Amino acid sequence: MTDPGELRASDAEREAVVEQLRVASVDGRLTLAELTDRTEAAYSATTHAELALLTQDLPSGAMPAPAPVHHEGRKRRWYVGVMGDAKRRGTWRIDQELGAVAVMGDVVLDLREAEVRTDMVDITAVSVMGDVKIIVPDGVNVDLDGVAVMGDKKVDVLEAAPGMNVPVVRVRAYAVMGDVKVIGDSRAQPLQRGFAAWREHWRRLHGEDWRALGRQMRQEGRELGRQLREERRNLRRGY
């Protein structure tokens, strides 16, 4: 008799899990990086057991999304760097539109560990002889538009395959002799994610993949250690 958990998952069941993950994110239960990771895993899941691992630490059942709360006169939340730096990293809540202004300075918005309480992250970025950098998890869809005058606006993100209902980050960029960049996890300083139970079980289901990942991590750790030792030697030599 076939184990119920080993039954093949349908497209409708994958979409139901993706919707449950989205609701959990709006409720503040998942960060943007966690939502993106689990959404991608849901679309690649082949069995009921794999889907169940993605939601085992969330309330059971696909609950309806709460109605959005409209705050009359609520302003966009701004981060400004004028001949200086403004950075927002780590755990923070996004429940309104964002703005970033860099005038001969730098602004960095790292969205990876943010709790996103809206269906879409909306950002207006203005750079005048400065640099606005927005860091997102690889796997989100980025919608970038705007104007660049003697400057640059670009996206360097590994986006999800077409047809996936993944998080969306919308950026309106205005760059004058400056840059507005949206970069993914693979192009930024690595985020130290914890190994949640669902991820560990997920990888164990794939046997060889888990062992290969362990070998890769050990190899990368040794390489990082070698680079750090080399940098310390160079510092002592005064390079």
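The paragraphs below set out a description of the structure included in this document. (Residues numbered from 1 in each chain as written. Predicted model: local features only at pLDDT ≥ 70, side-chain atom pairs only at ≥ 80, totals over all residues. Heavy atoms only, no water.)

**Points about the sheet that holds strand 10 (residues 152-156)**
Our working definition: Think of it this way: DSSP has to see at least two bridges between two strands before they count as a pair. In DSSP terms, a helix is any run of H or I states spanning at least four residues, a strand is any run of E spanning at least two, and both are numbered starting from the N terminus. Angles run from 0 to 180 degrees between N-to-C directions of axes, and those axes are lines fitted to C-alpha atoms, restricted for helices to the stretch in contact.
Here five strands make up an open sheet; going across it, the order is 2-5-8-12-10 and the pairing parallel. The sheet is open, and its two edges are formed by strand 2 (85-88) and strand 10, each paired on a single side. Strand after strand, the sheet turns through a mean of 5° between neighbouring axes, direction not considered. Note: strand 5 (residues 106-110) against strand 8 (residues 131-136), five bridges, orientation parallel. Along strand 8, the bridge assignment pairs aspartate 110 with isoleucine 135.

**Quick look at a nonpolar patch on the surface**
For the record, the criterion: Like charges are joined within 9 Å and nonpolar side chains (Val, Leu, Ile, Met, Phe, Trp, Tyr) within 5 Å, but only among residues with over 30% relative accessible area and no salt bridge; these make up the patches. Here the Shrake-Rupley method, with its probe set to 1.4 Å, supplies the accessible areas, and only the displayed protein chains count as covering residues. Salt bridge, as used here: a side-chain nitrogen of Lys or Arg that lies within 4 Å of a carboxyl oxygen of Asp or Glu.
Taken together, the side chains of Trp78, Val80, Val82, Met83, Met104, Met129, Val147, Val149, Met150, Tyr174, Val176 and Met177 define a hydrophobic patch exposed on the protein surface, amounting to about 1200 Å² of accessible area. When residues of the nonpolar patch are traced back to their parent elements, those giving at least two are strand 1 (77-82), strand 9 (141-149) and strand 11 (168-176). Broken down by element, the residue count for the nonpolar patch peaks at three residues, all from strand 1. Among the structural elements, tyrosine 174 can be located in strand 11.

**Remarks on the pattern of salt bridges**
Enumeration according to the criterion identifies 14 salt bridges in this entry. When the shortest N-O distance is used, the salt bridge between arginine 76 and glutamate 97 registers 2.7 Å. Placement of the pair is arginine 76 in the loop between helix 3 (48-55) and strand 1 and glutamate 97 in the loop between strand 3 (93-94) and strand 4 (98-103), with a sequence separation of 21 residues. Note that glutamate 115 and arginine 117 form a salt bridge whose closest N and O atoms lie 3.0 Å from each other.

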